[in-house]
Amino acid sequence: MSGAVLVAVAAAIGNLLQGWDNATIAGAVFYIKREFHLESEPTIEGLIVAMSLIGATLVTTFSGAVADWLGRRPLLIISSILYFVSSLVMLWSPNVYVLLFARLLDGFGIGLSVTLVPVYISETAPPEIRGLLNTLPQFTGSGGMFLSYCMVFGMSLMNSPSWRLMLGVLSLPSLIYFALTIFFLPESPRWLVSKGRMREAKRVLQRLRGREDVSGEMALLVEGLGVGGETAIEEYIIAPANELANDLEPPAEADHIKLYGPEEGVSWVARPITGQSTLGFASRQGSIINQSVPLMDPLVTLFGSVHEKLPDAGSKGSMLFPHFGSMFSVAGNQPKNEEWDEESLGREGEDYTSDAAAGDSDDNLHSPLISRQTTSLEKDMVAPASHGSILSVRNGSLLHGSTGEAVNSMGIGGGWQLAWKWTEREGEDGKKEGGFKRIYLHQEGVPGSRRGSLVSLPGGDVPADGTDFIQAAALVSQPALYSKELLDQHPVGPAMIHPSEAASKWPSWSDLFEPGVKHALVVGVGIQILQQFSGINGVLYYTPQILEQAGVGVLLANMGISSASASLLISAITTLLMLPCIAVAMRLMDVAGRRSLLLNTIPILIASLVILVIGNVVNLGSVANAAISTVSVVGYFCCFVMGFGPVPNILCAEIFPTRVRGLCIAICALTFWIGDIIVTYTLPLMLTSVGLSGVFGMYAVVCIISWVFVYLKVPETKGMPLEVITEFFSVGAKQVAAAKNG
């Protein structure tokens, strides 16, 4: 996975530049005030610092839509250019107005990088380490602040420090970032697939994953094109076909579903479990009525149950279908099977209509893309002559590679497998009707057998003695390429739509009102608002005063360091303390999970704020107050950067469908910047009206509300493919709606 790691590190340099800039302007403003005589003009002084915030807010309003249009990489390139140009203008700034313009340009660059870097990393990272890699922006941002504080502190010790040089140094790392975005960073493979550029997406995935076989993930990315759709949760026991079939009574054979492997004659059988399920998330998909916590979102329960019974790594059943193949033919002499082409939109299989409901029969569940076995409908089909179909029928096999080459894995990460269920029935006119259902399969528990009674299944569904079996839960829904809206336009083969048709459909505002997307927006916007009002700005504002009370300022003054330089050194030390804590969070993000980190760190934030309130209300003596306040501030910082700092951006980059991800992440980022502006400009007013203890008390109340919100509404997304996460949101939203409707 070194390819994905290096790409994430390179992309996260954009956040390093943001942290660098924030720290530099905080130090340079002392000297800017002196040169331009701004002591009597606090508005101009405030604008110099806040102009980048204003620029970031403005650019965020349209960055999402532009990112969905042009791609993620072009906007990262533009971000690096804005950083570079703004730093050169700041280096030149002959007056305060040019400086304000430069700060605005700098804000544009900050807004683009802060918004898009988490999205880019989420779309390129493997599910198993996505949390770790998406914590990198937090680490590099704090690292950039530390390096900048050290640089500015060193320059402040000079006889005549130059604020222009302080701000202009940003051009050097921004030039490196520009070179990396141009020559090293690839475009997001998910965005490429959404635009139908399959060959490019495949090459990027091969580079990121370090292997040739990326067919499973390619198929997954295509399935991510859909927004919404009807999704059901089903559960199966799976065993080798010849073993399970021997245990089935003749009437029961119609109930089982075949799963075909790549080798002819080798197949598995999936049998639906009847009665009340006892396994994993399939057993916990009930309505709000069945929730142990009355107000808890069913979505939280669904996600949580997935992580409860993950199979042991390396177990026999960890690969349900170890050789599922590509959704697309990858034959070397059939390039158009990979690259979507308008010429290949011709109608194929015109004699077969699609089964939109696709629910009347479950004759076969298999990978329809590689199986050498055939369905009864296939046997009636005549191979079409079209040169570019993604659904070609060759050698009696539906969707089989035209050269008969070996097929590849359909694992999609996090223990999930991707498959399709082929259904067929007799139409009113006597013709066979066929359709696909997409299935995300997840093994539950451990592989078992009747020997040892590892699992007790209801209804006597367990195979007979000696039969090895796997329990799997499944998310079953309509494939992204099986579009009811496009069904009458250009169907390619039975029941499928050419991918370029799905890719050509632009995201619209109506997509935001799809239940799953709307549900995700509530989580994303809510956690961004609560993060901003959790007190980080107030604690940052108060830190120099606390450390001054602790005697740090006196100690530095005795060393001959001026008050301005001492303030910078204190800030550098504070930032340095954050780095090891963020490193710990990087390790835990994919182990403990996002939700667990929030639930375990927010109480420490609450305790730290309460102690700060007590320290300001109760006089325990100057030394005791200073010591308690210092410990509280350090504890607050360390826990914030482990949980509430990185997790909101990580979650927002994970929970939205590909087609509207840019638009939704822009809404969340806009919420972040507006909240930042409100908190920054109301803090002085609040300090005047309710005092420091009142401000910290209000922040503590917000943190309590945040913990409750996370506990009830925020699911655990660690280790799950992005497309599966969005499918869960769709399921959860529909369950909530169904419960409300009685």
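Within each chain, residues carry numbers counting from 1 in the order of the written sequence. Since the coordinates come from a predicted model, pLDDT governs what is reported: local features require at least 70, and pairs of side-chain atoms require 80 or more to be given and counted, while whole-chain, interface and lining totals use all residues. For side-chain calculations, the full set of non-hydrogen atoms in the structure is used, while hydrogens and water are omitted.

## So, the overall build of the protein chain
1) Next: By definition, any uninterrupted DSSP run of H or I lasting at least four residues is a helix, any uninterrupted run of E lasting at least two residues is a strand, and each is numbered from the N terminus. Helix and strand content of the protein chain: 24 helices and 11 strands.
2) Next: Burial classes: relative accessible area under 20% of the type maximum marks a residue as buried, over 50% as exposed, and values in between as partly exposed (1.4 Å probe, protein chains only). Among the 742 residues that make up the protein chain, the fraction classed as buried is 59%.
3) Next: Across the protein chain, the fraction of contacts at a sequence separation of at least 24, relative to all contacts at a separation of at least 6, is 81%.
4) Next: Computed with a 1.4 Å probe, the accessible areas rest on the Shrake-Rupley method; for each residue, only the protein chains presented here act as cover. Only carbon and sulfur atoms are counted for the fraction: they give 62% of the accessible area of the protein chain, which is about 28,300 Å². Here, residues are in contact when the closest pair of their heavy atoms is within 4.5 Å.

## Description of helix α10 (residues 198–209)
1) Next: Over its 12 residues, α10 extends 16 Å from the first C-alpha to the last, a length consistent with the 16 Å expected when each residue adds 1.5 Å.
2) Next: Listing the buried residues of α10 in full gives Met 198, Ala 201, Lys 202, Val 204, Leu 205, Gln 206, Leu 208 and Arg 209.
3) Next: Of the surrounding secondary structure, the elements contacted by the buried residues of α10 are α1 (2–36), α4 (96–124), α9 (189–194) and α11 (215–223).
4) Next: Taken from the residues just after α10, Gly 210 is the one with a positive phi, measuring 70°. Here, expected helix span is obtained from the residue count minus one, scaled by 1.5 Å.

## Describing the side chain of Glu 716
1) Next: Examined against the element boundaries, Glu 716 turns out to sit in the loop between α23 (658–713) and α24 (722–740).
2) Next: One buried charged side chain, Glu 716, makes no salt bridge at all; its nearest oppositely charged neighbour is Arg 594, positioned 4.6 Å away.
3) Next: A distance of 3.0 Å separates a polar side-chain atom of Glu 716 from the backbone nitrogen of Arg 594.
4) Next: As used in this structure description, the phrase polar contact means that two N or O atoms lie within 3.5 Å; if the pair is within protein, one of them must be able to donate a hydrogen and the other to accept it, and residues adjacent in sequence are counted only when both atoms belong to side chains. Here Arg 595 takes part through its backbone nitrogen, which lies 3.0 Å from a polar atom of the side chain of Glu 716. In this count, Lys and Arg are taken as positive residues and Asp and Glu as negative ones, while His and the chain termini are left out. Put simply, a salt bridge is a Lys or Arg side-chain nitrogen that is within 4 Å of an Asp or Glu carboxyl oxygen.

## Regarding helix α6 (residues 136–156)
1) Next: Along its 21 residues, α6 runs 30 Å from first to last C-alpha, staying within 8% of the 30 Å computed at 1.5 Å per residue.
2) Next: The buried fraction of α6 amounts to 16 of the 21 residues, a majority that puts the element mostly inside the structure.

## A few points about the nonpolar core
1) Next: Remark: nonpolar core denotes a set of buried residues (Ala, Val, Leu, Ile, Met, Phe, Trp, Tyr, Cys) joined through side-chain atoms within 4.5 Å. Counting 163 residues, the largest nonpolar core has Ile 32, Ile 48, Trp 416, Leu 609, Phe 696 and Phe 728 as its most contacted members.
2) Next: Take this core: its biggest share by element is 19 residues, from α23.
3) Next: If near-sequence neighbours (up to four positions away) are discounted, Leu 609 is found in contact with Ser 534, Val 539, Tyr 636, Phe 696, Tyr 699, Ala 700 and Cys 703.
4) Next: Judged by nonpolar contacts, the second largest core, of 10 residues, contains Tyr 236, Ile 470, Ala 472 and Ala 474.

## Digging into the confidence of the model for the protein chain
1) Next: In this model, the protein chain carries a mean pLDDT of 75, and residues with pLDDT of at least 70 account for 69%.
2) Next: Contacts for the low-pLDDT stretch residues 276–280, under 50 throughout, to residues beyond four places or in other chains number 20 contacts.
3) Next: Confidence scores labelled pLDDT are given residue by residue by the predictor and lie between 0 and 100. Every residue in residues 446–466 scores below 50 in pLDDT, and together they form 49 contacts with partners more than four places removed in sequence or on other chains.

## Quick word on a nonpolar patch on the surface
1) Next: Note on patches: the residues involved have over 30% relative accessible area and no salt bridge, like charges join within 9 Å, and the nonpolar side chains Val, Leu, Ile, Met, Phe, Trp and Tyr join within 5 Å. A cluster of nonpolar side chains, contributed by Val 610, Ile 611, Ile 614, Val 617, Val 618, Leu 620 and Ile 628, occupies part of the molecular surface with about 530 Å² of accessible area.
2) Next: Counting residues per element, the nonpolar patch draws most heavily on helix α20 (residues 594–617), at 4 residues.
3) Next: Of the residues examined, Val 618 reaches a relative accessible area of 38% and is grouped as partly exposed.

## Examining the packing of aromatic side chains
1) Next: Whether two aromatic rings pair depends on their centres lying within 6.5 Å, for rings of Phe, Tyr and Trp, where Trp uses its six-membered ring; planes under 30 degrees apart make the pair stacked, over 60 edge-to-face, and the rest tilted. For the structure shown, the criterion picks out 9 aromatic pairs.
2) Next: Residues Phe 303 and Phe 728 carry aromatic rings whose centres are separated by 4.9 Å and whose planes lie at 40° to one another, so their mutual orientation is tilted. With Phe 303 in helix α13 (residues 298–308) and Phe 728 in helix α24, this pair connects stretches of sequence that are 425 residues apart. For the pair Phe 303 and Phe 728, one class covers both residues: buried.
3) Next: With a centroid separation of 6.5 Å and an interplanar angle of 75°, the aromatic rings of Tyr 636 and Phe 637 are classed as edge-to-face.
4) Next: A relative accessible area of 0% means that Tyr 636 is categorised as buried.
5) Next: We classify Phe 637 as buried; its relative accessible area is 3%.
6) Next: The rings of Phe 303, Trp 416, Phe 728 and Phe 729 are connected pair by pair, giving a single aromatic cluster.
7) Next: Counting as a charge over the ring demands two things of the Lys NZ or Arg CZ atom: a distance within 6 Å of the ring centre and an angle within 35 degrees of the ring normal. The side chain of Arg 207 reaches across the aromatic face of Phe 184, ending 4.8 Å from its centre.

## Brief notes about the packing of α1 against helix α8 (residues 171–183)
Each pair of packed helices can be summarised by the angle the axes make with each other and by the distance between the axes.
1) Next: Axis separation between α1 and α8 bottoms out at 9 Å; the angle between their running directions is 155°. Considered as vectors, α1 and α8 are oriented roughly antiparallel to each other. In terms of crossing hand, the pair formed by α1 and α8 is left-handed. Side by side, α1 and α8 meet where Ala 10, Ala 11, Ile 13, Gly 14 and Leu 17 of the first sit next to Pro 173, Ser 174, Tyr 177 and Leu 180 of the second.
2) Next: The nonpolar class holds Ala, Val, Leu, Ile, Met, Phe, Trp, Tyr, Cys and Pro. Asp, Glu, Lys and Arg form the charged class, and all remaining residues, Gly among them, are polar. When the residues that make up the contact of α1 with α8 are grouped by side-chain class, the tally is 7 nonpolar, 2 polar and no charged. The axes used here are C-alpha line fits, helices contributing only the stretch in contact, and every angle between their N-to-C directions lies in the interval 0 to 180 degrees. Oblique is the label for every angle not falling under 35 degrees (roughly parallel), over 145 degrees (roughly antiparallel), or within 65 to 115 degrees (roughly perpendicular). We call a crossing left-handed when the near helix sits turned anticlockwise from the far one by less than a right angle, and right-handed when that turn is clockwise.

## With respect to unusual backbone geometry
1) Next: Here the phi dihedral of His 37 falls at roughly 55°; this positive angle occurs in a residue that is not glycine.
2) Next: Along the polypeptide, His 37 turns up in the loop between α1 and α2 (42–70).

## Here's the deal with the environment of Trp 163
1) Next: As for its position among the elements, Trp 163 is in helix α7 (residues 163–168).
2) Next: The spatial distance from the C-alpha of Trp 163 to the C-alpha of Ile 32 is 6.6 Å, given a sequence separation of 131 residues.
3) Next: Ignoring sequence-local partners within four residues, the contact set of Trp 163 consists of Ala 28, Tyr 31, Ile 32, Glu 35, Phe 36, Met 90, Ser 93 and Leu 99.
4) Next: Of the polar contacts made by the side chain of Trp 163, one reaches the side chain of Glu 35; its length is 2.8 Å.

## A closer look at the side chain of Thr 181
1) Next: Along the chain, Thr 181 turns up in helix α8.
2) Next: At a separation of 2.7 Å, a polar atom in the side chain of Thr 181 contacts the main-chain carbonyl oxygen of Phe 178.
3) Next: Ignoring sequence-local partners within four residues, the contact set of Thr 181 consists of Arg 73, Leu 76, Ile 77 and Ser 80.

## Concerning the pattern of salt bridges
1) Next: If you walk through the whole model with that rule in mind, you get 13 salt bridges.
2) Next: Glu 35 is the partner of Arg 164 in a salt bridge, and the nearest nitrogen-oxygen pair spans 2.8 Å. Taken together, the positions of Arg 164 in helix α7 and Glu 35 in helix α1 put the pair 129 residues apart, joining distant regions of the chain.
3) Next: When its relative accessible area of 34% is taken as the criterion, Glu 35 is described as partly exposed.
4) Next: One continuous salt-bridge network, built from bridges that share partners, spans Asp 68, Arg 72, Glu 123 and Arg 661.

## Focus on the packing of helix α19 (residues 563–588) against helix α21 (residues 622–642)
1) Next: Contact geometry of α19 with α21 gives a least axis separation of 8 Å together with a crossing angle of 40°. For α19 against α21, the interelement crossing comes out right-handed. Touching Thr 574, Leu 577, Met 578, Cys 581, Ile 582, Val 584, Ala 585 and Leu 588 of α19 are Val 634, Phe 637, Cys 638, Val 641 and Met 642, all from α21.
2) Next: Class assignment for the residues of the contact of α19 with α21 results in 12 nonpolar, 1 polar and no charged.

## Describing the environment of Leu 663
1) Next: By secondary structure assignment, the location of Leu 663 is in helix α23.
2) Next: For Leu 663, a relative accessible area of 13% gives the class buried.
3) Next: For the pair formed by Leu 663 and Gly 64, sequence separation is 599 residues and the distance between their alpha carbons is 4.3 Å.
4) Next: Setting aside anything within four residues of it in sequence, one finds Leu 663 in contact with Gly 64, Ala 65, Asp 68, Trp 509 and Leu 512.

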